[in-house]
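Chains, contacts and geometry: an overview
Okay, here's what each chain looks like letter by letter:
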Amino acid sequence: MDAYDVVVIGAGFAGLVAARELALRGHAVVVLEARDRIGGRTWTDERWGRRLELGGTWVHWLQPHVWSEITRYGQRIEPSPSSQTVLWVADGAVHRGSPAEFDALITPAMDRLAQDSRTWFPLPYEPLHRSDLDRIDQLSVADYFAGLDLSRTEREVTTGVWAEHFNGPAAVSGLTQAMRWCAAASGDWQLLHQATASYRLTEGTAALASAIAADGGAEVRLGTRVTGVSHDTGGATVSTADGARFSARQVICTLPLNVLDSIDFQPALPAAKLAAGAERTASQGLKTWIRVRGEVAPFTAYAPDVHDLTWVRTECTVDGDSVLVAFGPRAADLAPDDAEGVTRALRTWRDDLEVFDVTGHDWMRDEFSRETWPMQRPGQLTRYLAALQEPHGPVRFAGSDVATGWAGFIDGAIESGLRASRAAHEVLRGPRG
Ligand SMILES: Cc1cc2nc3c(=O)[nH]c(=O)nc-3n(C[C@H](O)[C@H](O)[C@H](O)COP(=O)(O)OP(=O)(O)OC[C@H]3O[C@@H](n4cnc5c(N)ncnc54)[C@H](O)[C@@H]3O)c2cc1C
């Protein structure tokens, strides 16, 4: 049995940051990663002769933890192209206007949400600060907008915007999660939109992940699927599918919630830790890349969540063709590489575009994620967040799913990795330091 101070399970951003921090403090660390690559739910891959992000993409200086990593490793960002035209579906028809005209439609609801977010989440990095959160935590974003004095169009359009943010239907999207995002952007929803989909890493998320992995000297074992973690007072034993066993004084588990039950924990995990995954996250959608013939003037399009795609935007060009990025709320209904289905969905707004190819990764069917970016359902914040962040003996939990601030983002993954590594280090160095 190989002996380490710390075994980190998973080489996404949470695991890589936790491993680096601990290795830099002199601990013997191994990262066990099931896939044959690092990066987890970020994946910069070569498609159509250029780099495409199949998972997490956009970052912002408003997100403190990812920005710190960008600074640390000298990474650069570049803007995604901005659109002069917005198309939206409301009252069963497609409308066309400027970004300002579209913003005017969503402003009444978004202003109210942003204002309420500051009331309910006065300290975004203490999401459970208010003890009466259960008063609103049972509501979905659809419930919330239905309760506001909005026109039918305003409600339909704003609910569609949030279905895109959640990568899932608005009826299962927790209001408090939406408010946490707004609060993290200091209650400014336009800033929130800028922070979530405007700036991408020039060299790709893979370059940032590689820089973190190369720092500190933690060992990373790819293609190593963890199947069991047991612990007693003497420490923990981590077993893998290939029959290897690792002993460790501390373990940091960064599995996405929806696959947490794929590891056999002994003693068993408390029910609350598994319940959130069993209920599934609200995110259940897809991200797809669409290559269309010729140069297309930049546009963004929105649709309510009854549509298979809720958001499309021109993102880049390749060999004279335009590349669009799109999101939909249900991967079960539309796979990201289903060219026919994606083409049909795109025709909601544009039947003049000739689709040349479609590509993407199905994170919902991926056995190592089974979710896209983690978004809570109604009630999950107050029921589960505190329990999910609790250690289980020497096992600590990190990952974007259990982040405190920008939960659901690369930033949240990094924040949680820092938190878990600090706690593990404190145990390892002992009371006398
Ligand atoms: C389509 C999509 C778009 C997104 N867009 C954005 C965006 O624009 N901006 C943004 O900030 N965020 C975005 N996100 C979210 C962001 O990518 C994630 O929140 C973040 O990368 C999660 O990091 P993590 O380390 O918490 O989890 P993960 O990256 O999922 O890492 C967990 C790791 O554990 C591994 N693993 C699983 N099971 C086992 C096992 N049994 N044994 C060993 N290893 C195992 C997995 O392979 C994985 O590498 C997006 C995500 C998706 C999927």
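Cut-off values and rules
Residues numbered from 1 in each chain as written. Predicted model: local features only at pLDDT ≥ 70, side-chain atom pairs only at ≥ 80, totals over all residues. Heavy atoms only, no water. UniProt positions renumbered as here; feature names shortened; annotations may be inferred. Pairing = 2+ DSSP bridges. Helix = DSSP H or I, 4+ residues; strand = E, 2+ residues; numbered from the N terminus. Axes fitted to C-alpha atoms, helices over the stretch in contact; angles between N-to-C directions. 1 Å grid on protein atoms, 1.4 Å probe; cavity = no way out; pocket = protein on both sides within 12 Å on 5 of 7 lines; lining within 4 Å. Points joined across faces, edges and corners; volume = space filled by probe spheres on them. Near = heavy atom within 4 Å. Polar contact = N/O pair within 3.5 Å; in protein donor to acceptor, adjacent residues only side chain to side chain. Areas by Shrake-Rupley, 256 points an atom, 1.4 Å probe, with all protein chains shown as cover. Nonpolar A, V, L, I, M, F, W, Y, C, P; charged D, E, K, R; others polar. Phe/Tyr/Trp six-rings, centres within 6.5 Å; stacked < 30°, edge-to-face > 60°. Buried < 20%, exposed > 50% of the residue type's maximum accessible area, 1.4 Å probe, protein only. Parallel < 35°, antiparallel > 145°, perpendicular 65-115°, else oblique. Contact = heavy atoms within 4.5 Å.

- You'll find the protein entered in an unreviewed UniProt entry as Monoamine oxidase, with Saccharopolyspora hordei given as the organism.
- As stated in UniProt under Sequence similarities (unreviewed entry), the record for the protein gives "Belongs to the flavin monoamine oxidase family."
- In its Cofactor (unreviewed entry) section, UniProt records this for the protein: "FAD".

Some words on the sheet that holds strand 17 (residues 321-328)
- Pairing is mixed across the open sheet formed by 7 strands, whose spatial order is 7-6-15-16-17-14-18. Looking at which strands have only one partner, the edges of the open sheet turn out to be strand 7 (93-97) and strand 18 (355-359). Going from strand to strand, the sheet's axes swing by 25° on average, the running direction of each strand aside.
- As judged from the 7 bridges shared by strand 16 (residues 311-318) and strand 17, these two strands associate in the antiparallel manner. Across the sheet, residue V312 finds its bridge partner in strand 17, namely A326.

Quick notes on empty space enclosed by the protein
- All chains considered together, the criterion is met by 2 cavities of 30 Å³ or more.
- Roughly 90 Å³ of internal volume is contained in the largest cavity.
- What lines the largest cavity is a set of 13 residues, and nearest its centre among them are L257, M375, Q376, Q380 and D401.
- Counting only elements with at least two residues in the lining of the largest cavity, the list comes to helix 7 (175-184) and helix 12 (380-389).
- With 3 residues, the top contributor of residues to the lining of the largest cavity is helix 12.

Regarding the site of the ligand
- In the region of the ligand, 37 residues are neighbours, and E33, R35, R41, S400 and I410 sit closest.
- For the ligand, an oxygen atom lies 2.6 Å from a polar atom in the side chain of E33.
- Residue V226 places a main-chain N or O atom 2.9 Å away from a nitrogen atom belonging to the ligand.
- For the ligand, whose accessible area on its own is 1,000 Å², the fraction buried by protein is 98%.
- Contributions of two or more residues to the shell around the ligand are made by helix 1 (13-24) and helix 13 (410-429).
- Of the residues that constitute the shell around the ligand, the class distribution is 18 nonpolar, 14 polar and 5 charged.

So, the packing of aromatic side chains
- For the coordinates displayed, the defined rule picks out 15 aromatic pairs.
- Judged by centre distance (5.2 Å) and plane angle (90°), the ring pair of W406 and F409 falls under edge-to-face.
- Classification of W406 by relative accessible area gives buried; the value is 1%.
- What makes F409 buried here is its relative accessible area of 11%.

Quick notes on the packing of helix 2 (residues 64-72) against helix 13
- Relative to each other, helix 2 and helix 13 sit at 85°, their axes nearing to 7 Å. One finds that helix 2 runs roughly perpendicular with respect to helix 13. Facing P64, H65, V66 and E69 of helix 2, the residues of helix 13 in contact are I410, D411, I414, E415 and L418.
- Counted by class, the contact of helix 2 with helix 13 contains 5 nonpolar, 1 polar and 3 charged residues.

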